[in-house]
Amino acid sequence: MGKTLLFKNVEKIVTCNNKDEVFEDFDIFVEDGIIKAIEKNIELKADETIDASDLIIYPGLINTHHHLYQILTRNLPQVQNLELFDWLKVLYEIWKNLTGDSIYYSSLTGLAELAKYGCTTVFDHHYVFPESSFDFIERQFEAAEKLGVRMVVSRGSMNLSKKDGGLPPDSVVQNIDSILKDSERIVNKFNDKNKYSMRQVVLAPCSPFSVTADLMIESAKLARDLGVRLHTHLAETKDEERFTLAKRGVRPLEYMEQLGWIGDDVWFAHGIHFNDEELEILAKTKTGVAHCPCSNMKLSSGVARIPEMLKLGVPLGLAVDGSASNDGSSMLEEMRVAYLLHRLTYHEKAPTGYDILKMATRGSAELLGRKDIGYLETGMAADFFAIDRNRIELAGATFDVKNMLGTVGLKGAVDYTVVNGKLVVEKGELLGIDERKLSEAVYRESKRMQS
């Protein structure tokens, strides 16, 4: 028998399963990172037993789009009032100073922050590779392993610099051959296709305005040869739409179709500016969208058409996006903001709090091609988080636990986060991480990059 964990007499378990069940006074028994039983009065002895009689348990949240390195450039006054293109031009000049250490400390910080707020699986879109970047992906997986979270990393890329009509400076772009060679190396080294995998890789050229058509086409071919998924930014701003119309004569989604970037192995970040016909194409082809409401609001990019996407059956997940465009890494905050944004915009057609929770769990799992995470059931990965119902900010709010995280939200850290059957957060504190030391390391790296 492997390592076991028992949550005893759980007040409520929100499963997000196919029947949308909520169990009361049930136990969860975990062995070797897998849920072995969800039932009443489990008699089995465990290595660790937690009295869960005041706890509400939810499936682990799954973040489907992030740029962890951007933690080093949070809250910079010189970019606060800029929109995406101008914002990027300023920040690229700082990001070109990234090193392996800055990647490690920013990754560890962002992952730790996410875990404190109930996130158990993180997809990171890293695409900035200056000359010193030979170990960046290695350092990201090193950080994930130290913390114990489930990690999906992209070998992102940019090959269209300012001099060729793109946005990034020469110092952070690479040529196609070196990108494809390193992409294959990273997939072969790290991508674990097995069930319950803790490490996976995605190929993710950055965006239509920082990569060439050839790189998009070749990346898609390589990803499909290697059996990994594809991701990029799309339809985030009207500027991007004007860019593809001017350069390619078509709107962003049609450009993606021409490049072979459509299908159930592809998901786009943002997807704000799709028209009716494009939404139908996404639904028909099962091409997914990662919704990033905080970032979309901060950069004044617009409001994604989430109610229509849900109605049509477009695969939808939730994400926090890069910390420089959100300035935080909390999926709990993202859920509440998503709920409120669409209430404001769509009135009675807005998704419920529970719809948003399912986007952040089941929906996000679908974007990553995972069938072993996203809801709670026997045989699923033991990824979940727990909240004490007696917290003052939830007083009187726990009669409807399915909707609660959207309608009321949670402002602080969760009480427990479990990933792969192991406690990562206990009583609101990260295990095995000195938060103060980590924060100081990020401060030092951030200062170095900006100088």
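Rules used throughout
Residues numbered from 1 in each chain as written. Predicted model: local features only at pLDDT ≥ 70, side-chain atom pairs only at ≥ 80, totals over all residues. Heavy atoms only, no water. Helix = DSSP H or I, 4+ residues; strand = E, 2+ residues; numbered from the N terminus. Rg over C-alpha atoms; globule rule 2.2 N^0.38 Å. Buried < 20%, exposed > 50% of the residue type's maximum accessible area, 1.4 Å probe, protein only. Contact = heavy atoms within 4.5 Å. Areas by Shrake-Rupley, 256 points an atom, 1.4 Å probe, with all protein chains shown as cover. Lys, Arg positive; Asp, Glu negative; His and termini not counted. Charge placed at Lys NZ, Arg CZ, Asp CG, Glu CD. Phe/Tyr/Trp six-rings, centres within 6.5 Å; stacked < 30°, edge-to-face > 60°. Lys NZ or Arg CZ within 6 Å of the ring centre and 35° of its normal. Salt bridge = Lys/Arg side-chain N within 4 Å of Asp/Glu carboxyl O. Polar contact = N/O pair within 3.5 Å; in protein donor to acceptor, adjacent residues only side chain to side chain. Arc of directions from axis to C-beta. Pairing = 2+ DSSP bridges. Right-handed = clockwise from strand over helix to strand, strands pointing away.

**Some details on the overall build of the protein**
Here comes step 1: Helix and strand content of the protein: 15 helices and 17 strands.
Here comes step 2: Scaling as 2.2 N^0.38, a compact globule of 451 residues should have a C-alpha radius of gyration of about 22 Å, and the protein matches this with 21 Å.
Here comes step 3: Seen through its principal axes, the protein has C-alpha atoms that stretch 65 × 45 × 45 Å.
Here comes step 4: A burial count over the protein gives 64% of its 451 residues as buried.
Here comes step 5: Counting contacts in the protein only where the partners sit at least 6 residues apart, residues at least 24 apart contribute 75% of the total.
Here comes step 6: Counting only carbon and sulfur atoms, one obtains 47% of the accessible surface of the protein, whose full area is about 17400 Å².
Here comes step 7: Charged side chains in the protein number 54 positive and 67 negative. The centres of these two groups are separated by 1 Å.

**Looking at the packing of aromatic side chains**
Here comes step 1: All chains considered together, the criterion is met by 14 aromatic pairs.
Here comes step 2: Ring centres 5.8 Å apart and planes at 90 degrees place the aromatic pair Phe7 and Tyr416 in the edge-to-face group. Here Phe7 is found in strand S1 (residues 4-14), whereas its partner Tyr416 is found in strand S15 (residues 416-419), with 409 residues between them in sequence.
Here comes step 3: Phe7 sits in the buried class, given a relative accessible area of 0%.
Here comes step 4: The buried category is assigned to Tyr416, whose relative accessible area is 9%.
Here comes step 5: Residues Tyr58 and Phe385 carry aromatic rings whose centres are separated by 5.4 Å and whose planes lie at 20 degrees to one another, so their mutual orientation is stacked. With Tyr58 in strand S5 (residues 55-59) and Phe385 in strand S14 (residues 384-388), this residue pair connects regions lying 327 residues apart in the sequence.
Here comes step 6: The buried category is assigned to Tyr58, whose relative accessible area is 0%.
Here comes step 7: Among the aromatic residues, those joined into a cluster by ring pairs are Tyr69, Trp87, Tyr92, Trp95 and Tyr127.
Here comes step 8: When the ring centre of Phe129 is taken as reference, the NZ or CZ atom of Arg155 above it lies at 3.9 Å.

**Side note on the pattern of salt bridges**
Side chains that carry opposite charge are capable of pairing whenever their charged atoms lie near each other.
Here comes step 1: With the rule as written, the count across this model stands at 32 salt bridges.
Here comes step 2: For the salt bridge of Lys298 with Asp327, the shortest nitrogen-to-oxygen distance reads 2.5 Å. On the criterion of sequence distance, the pair formed by Lys298 in helix H9 (residues 293-298) and Asp327 in the loop between helix H11 (323-326) and helix H12 (331-346) is long-range, its members being 29 residues apart.
Here comes step 3: For Lys298, a relative accessible area of 26% gives the class partly exposed.

**A word on the side chain of His273**
Here comes step 1: In this fold, His273 is placed in the loop between strand S11 (266-270) and helix H8 (276-285).
Here comes step 2: Here His273 falls in the buried class, since its relative accessible area comes to 16%.
Here comes step 3: Of note is the side chain of His273, whose polar atom sits 2.9 Å from the backbone oxygen of Ser301.
Here comes step 4: Once residues within four sequence positions are removed from consideration, His273 is found in contact with Ala235, Glu236, Thr237, Lys238, Glu241, Arg251, Glu278 and Ser301.

**Observations concerning helix H1 (residues 84-95)**
In an α-helix, one turn spans 3.6 residues, which is why side chains three or four residues apart end up on the same side.
Here comes step 1: Along H1, the positions that sit buried rather than exposed are Leu84, Phe85, Trp87, Leu88, Leu91, Tyr92, Ile94 and Trp95. Axial view of H1: buried residues confined to an arc of 165 degrees, hence all on one face.
Here comes step 2: Buried-residue contacts for H1 involve helix H6 (238-248), H11 and helix H15 (435-450).

**A short note on the environment of Arg448**
Here comes step 1: Take Arg448: it is sitting in helix H15.
Here comes step 2: The sequence separation of Arg448 and Ile373 amounts to 75 residues, and the corresponding C-alpha distance is 39 Å.
Here comes step 3: Each residue touching Arg448, except ones within four places of it in the same chain, is listed here: Asn97, Leu98, Thr99 and Ser102.
Here comes step 4: In terms of polar contacts, Arg448 uses its side chain to reach the side chain of Glu445, at 3.0 Å.

**Let's talk about the pairing of strand S12 (residues 288-291)**
Here comes step 1: Neither face of S12 is exposed, since Gly288 and Ala290 on one face and Val289 and His291 on the opposite face are all buried.
Here comes step 2: Bridge count for S11 against S12 is 3 bridges, and the pairing is parallel. By the bridge assignment for S12, Trp267 is matched with Gly288.
Here comes step 3: Note that the unit made of S11, H8 and S12 has a crossover that is right-handed.
Here comes step 4: Strand direction decides the pairing type here: S12 and strand S13 (residues 316-318), joined by 3 bridges, are parallel. By the bridge assignment for S13, Ala290 is matched with Gly317.

**Quick notes on the pairing of strand S9 (residues 199-205)**
Here comes step 1: For S9, the tally of buried residues reaches 6 of 7 residues, placing the bulk of the element in the interior.
Here comes step 2: Pairing analysis gives 7 bridges linking strand S8 (residues 150-157) to S9, with the strands arranged parallel. Directly across from Gly156, in S9, lies its bridge partner Ala204.
Here comes step 3: For the crossover that starts at S8, traverses helix H4 (residues 176-190) and ends in the parallel S9, the hand is right-handed.

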